[in-house]
Amino acid sequence: MQPVYIIGSGQTAVAEHWDRTAGSLAAEALQAALGPIAKHRIQALYVANALGSALHVQSQLGAAIASATGLHGAEAVAFDAAGASGGVALRQAYLAVASGVYDLVAVVGVEKVTDVLDARLEDGLALASDADWEAVHGSTLTAQWAMLMRRYMRQYGYDAIDFAPFPVNAHANGAANPKALYRFPITAEKVRSAGAIADPLSLLDSATVADGAAVVLVASAGIAHELGSPLVRIAGSAVATDALALHGRPDPLWLGAAARSAAGALGSAGLSTGDVQVLELTDPHGIAATLALEACGFAERGAGVQLAREGAITLTGATPLATGGGCKARGDTVGANGVFQLVELTRQLRGEAGKAQVNGARVALAQCLGGIGATAATHVLVAE
């Protein structure tokens, strides 16, 4: 297996793009990623999208996005693993380049969700849960995260306000991200006083789904060194799965797929959690970030909340999280989230993150989850 690098990245703003198509968003992000690279050198296009078929009755998104971006004739395939789609698509690009099949693959994460009625959107999002045992009873992903939060609070003795550092941190970082959906800070008191979405989850501890596209260009060492530094290498990559329905897991507070994929990616990189200096996780709610931190090994069980309360997840903390605003402030782009994560971490490792830059960041970890962690994709990046 040969070394694999990210040689370009680009993104659109995350917003309600009423007048845009998924294709036009993807084309904008790809153009931003190309830089000096000639488009005709791209040999394959891997598209991450979760809701195109459900919301816009459009399958074959690989061919559709290839046409929209001017990549006619290239191999183009779409991947759907709910919120883990971006990480799964990147995993396939990584394998294609590492094996020597291709030298340059574009990974495009794109989602268009705001131009449908709320009921249809909720139906689409529910596809990430178990259709026979959860979605059919109207149990949304938000409701399931709320149930896990209630159990976590009871089991470990926390209150809802204890999770506030997660959205507060996300908004503090999102305020410095010109591409973020919400570019303003919030306080713990505002989180406390916000209306309930699904008790104990409040409005300000719940992400908003929105439109956007992000692209990373995955290349062989030859192309990467041709372009020169700064170089960002994909040092580890892994995907794992868990029971789709929560009741199928022996311990619902343990994200087994997240744990396995994190261990696999770190192991293949020859690194540990102590080496990671900045990370991106699936964090639509504080409880989601908490459980992911614990599953990945950044905190002991029951201590993920304490990690945030102590300031470890801030830009100057030991485990900087959501430096681009995360799902909460950047916006939840569902199937594209994993690619947005990689764009942000590439900026961090290149020292291009501006006011949200983590000083001296050389190792980064990105993990995206499908549903309530039924699929988990983890990647470790290293600056060379």
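Provided above is the structure to which this section pertains.
So, here is what we can say about the structure in this document. These numbers come from a predicted model, not from an experiment.

Considerations on the sheet that holds strand β1 (residues 4-11)
Inference 1: Taken in spatial order, the nine strands of this open sheet run β3-β2-β4-β7-β1-β8-β11-β10-β9, and their pairing is mixed. Each edge of the sheet is formed by a strand with only one pairing partner; in this case those strands are β3 (75-79) and β9 (278-280). Ignoring strand direction, the axes of neighbouring strands in this sheet form an average angle of 25 degrees.
Inference 2: Inspection of the sheet shows strand β8 (residues 232-241) paired to strand β11 (residues 375-383) by nine bridges, in the antiparallel sense. Its bridge partner lying in β11, G236 is registered against V380.

Comments concerning the nonpolar core
Inference 1: Ranked by internal contacts, the top residues of the largest apolar core, which has 42 residues, are Y46, V107, V216, V218, I234 and L381.
Inference 2: Per-element accounting of this core gives the leading share, eight residues, to helix α4 (residues 85-98).
Inference 3: Counting residues in each nonpolar core, the second largest holds 27 residues, with I42, V108, A213 and A219 among its members.

Some points on the pairing of β1
Inference 1: β1 sits mainly inside the fold: eight of its eight residues count as buried.
Inference 2: Direction of pairing for β1 relative to strand β7 (residues 212-220): antiparallel, over a ladder of seven bridges. Considered in β7, the bridge of S9 is made with V216.
Inference 3: Looking at chain direction, β1 and β8 are connected through two bridges and run antiparallel. Bridge pairing links Y5 to R233 in β8.

Overview of empty space enclosed by the protein
Inference 1: Enumeration according to the criterion identifies one cavity of 30 Å³ or more in this entry.
Inference 2: The volume enclosed by the largest cavity comes to roughly 90 Å³.
Inference 3: Those elements giving two or more residues to the lining of the largest cavity turn out to be α7 (165-174) and α11 (286-296).
Inference 4: The element contributing the most residues to the lining of the largest cavity is α7, with four residues.

Topic: the layout of surface pockets
Inference 1: Within this model, the largest pocket holds a volume of roughly 930 Å³.
Inference 2: The wall of the largest pocket is formed by 42 residues, among which L125, L141, V209, D332 and V334 lie closest to the centre.
Inference 3: Here the lining of the largest pocket takes five residues from helix α5 (residues 118-125), the largest share from any one element.
Inference 4: Grouping the amino acids of the lining of the largest pocket by side-chain chemistry returns 24 nonpolar, 13 polar and five charged.

Some thoughts on the side chain of H17
Inference 1: Looking at where H17 falls in the secondary structure, it is placed in the loop between β1 and α1 (22-34).
Inference 2: Take H17: its relative accessible area is 13%, and that puts it in the buried class.
Inference 3: Setting aside residues no more than four positions away along its own chain, H17 makes contact with T12, L25, K112, T114, D211 and G212.

Focus: the environment of H72
Inference 1: Tracing the backbone shows H72 in the loop between α3 (61-69) and β3.
Inference 2: Residues H72 and A214, 142 residues apart in the sequence, show an inter-C-alpha distance of 19 Å.
Inference 3: Among residues more than four places away in sequence, those in contact with H72 are A66 and S67.

Description of the packing of aromatic side chains
Inference 1: One pass over the structure, following the stated rule, counts five aromatic pairs.
Inference 2: Measuring from centroid to centroid gives 5.6 Å for Y46 and F79, while their planes differ by 80 degrees, and the two rings are edge-to-face. Here Y46, found in strand β2 (residues 44-48), pairs with F79, found in strand β3; they are 33 residues apart in sequence, far enough to count as distant.
Inference 3: The exposure class assigned to F79 is buried, which follows from its relative accessible area of 18%.
Inference 4: A network of ring pairs unites the aromatic residues Y152, Y156, Y158 and F163 as a single cluster.

What counts, and at which threshold
Residues numbered from 1 in each chain as written. Predicted model: local features only at pLDDT ≥ 70, side-chain atom pairs only at ≥ 80, totals over all residues. Heavy atoms only, no water. Pairing = 2+ DSSP bridges. Helix = DSSP H or I, 4+ residues; strand = E, 2+ residues; numbered from the N terminus. Axes fitted to C-alpha atoms, helices over the stretch in contact; angles between N-to-C directions. Core = buried A, V, L, I, M, F, W, Y, C linked by side-chain atoms within 4.5 Å. Buried < 20%, exposed > 50% of the residue type's maximum accessible area, 1.4 Å probe, protein only. 1 Å grid on protein atoms, 1.4 Å probe; cavity = no way out; pocket = protein on both sides within 12 Å on 5 of 7 lines; lining within 4 Å. Points joined across faces, edges and corners; volume = space filled by probe spheres on them. Nonpolar A, V, L, I, M, F, W, Y, C, P; charged D, E, K, R; others polar. Contact = heavy atoms within 4.5 Å. Phe/Tyr/Trp six-rings, centres within 6.5 Å; stacked < 30°, edge-to-face > 60°.

Function-wise, these values are silent; they only describe arrangement.
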